[in-house]
Amino acid sequence: MHKTAGCILSIFVLAVMAIGQPPPIPVKPAPAPAGVPTRTVLVYLPQQLFNEQEFEPALRRISLAGIETRLAATDSGVAVSMSQLVVRLDQALRDVNVADCAGIVLIGGSGAAVHWDDSLLQKKCREFASTGKVVAAIGIAPITLARAGVLKGRRATVFRDGTAVDWLRQAGARYSFNEVVADRNIITAASSEQARAFGQAIANAVLKAR
């Protein structure tokens, strides 16, 4: 299954290189309202094929709360969405210092499947979780949290797919039918339809933390 996903991704990359990419679109957070303390959340995107309908509304809600965001992927440069939106990244995941961020947010999309077993991403998620910082994921991205051991004993949701739900349960998660689930510092959402509520839940948790 992972080999197939890798082949599909490779074909997509070659196709994009052949036809050319649209210019990168920098994403800047809204200015922080007066009196609101500045915090930074790391938003992790699949390098290729992230879901912009999960990404943009969630990012907007987080930014409107006065929280800064930094965009990261496996490598620095740009990330390309499923509809070929190109977003400029701030850094590569290997350069992320957990101490500098209030939380991490994993965006889904078909490209997220490539990162389910990414050892570095799983390690970073565990580091955020173990220090009580916000760890959030939407769509199929919660599978990464499950495989990292972050969801054990926690209420969580995932994209409505029988196999995905089984994987969460096998990892010890207490699967919830709610569309957005917040269990202390762990926040999950089922699909892009909940992206705004997901982003707001993240903002609330970050502002409440300290």
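Residues numbered from 1 in each chain as written. Predicted model: local features only at pLDDT ≥ 70, side-chain atom pairs only at ≥ 80, totals over all residues. Heavy atoms only, no water.

Enquirer: Just to check I follow, could you spell out the environment of valine 78 for this structure?
Expert: As for its placement among the helices and strands, valine 78 is situated in strand S4 (residues 78-81). When the C-alpha positions of valine 78 and aspartate 90 are compared, they lie 8.7 Å apart, and in sequence the two are 12 residues distant. (Helix = DSSP H or I, 4+ residues; strand = E, 2+ residues; numbered from the N terminus.)

Enquirer: How should I be thinking about the pattern of salt bridges in this particular structure?
Expert: Oppositely charged side chains are able to pair whenever their charged atoms sit close together. Under the criterion given, the structure shown has 4 salt bridges. Arginine 94 serves as the salt-bridge partner of aspartate 75, at 3.2 Å between the closest nitrogen and oxygen. A residue pair is termed long-range when its members are at least 10 positions apart, and aspartate 75 in the loop between strand S3 (68-73) and S4 and arginine 94 in the loop between strand S6 (91-92) and strand S7 (103-106) qualify at 19 residues. With a relative accessible area of 38%, aspartate 75 lands in the partly exposed category. The shortest N-O distance in the salt bridge between arginine 147 and aspartate 117 comes to 2.9 Å. Separated by 30 residues along the polypeptide, arginine 147 in helix H4 (residues 142-147) and aspartate 117 in the loop between S7 and helix H3 (119-130) bring together distant segments of the chain. (Salt bridge = Lys/Arg side-chain N within 4 Å of Asp/Glu carboxyl O. Buried < 20%, exposed > 50% of the residue type's maximum accessible area, 1.4 Å probe, protein only.)

Enquirer: How should H3 be read in this particular structure?
Expert: Think of an α-helix as turning once every 3.6 residues; residues three or four places apart then point the same way. End to end, H3 covers 16 Å across 12 residues, agreeing with the expected 16 Å (1.5 Å per residue, within 8%). Here H3 has its buried residues at Leu121, Gln122, Lys124, Cys125 and Phe128. Buried residues in H3, looked at end-on, bunch into an arc of 160°, giving them a common side. Along H3, exposed side chains directed more than 90 degrees from the buried face belong to Ser119 and Ser130. On its buried face, H3 sits against strand S1 (40-44), S7, strand S8 (134-138) and H4. Measuring from the side-chain oxygen of the N-cap residue of H3 to the backbone nitrogen of leucine 120 gives 3.0 Å; that N-cap residue is aspartate 118. (Expected span 1.5 Å × (residues − 1). Arc of directions from axis to C-beta. Contact = heavy atoms within 4.5 Å. Polar contact = N/O pair within 3.5 Å; in protein donor to acceptor, adjacent residues only side chain to side chain.)

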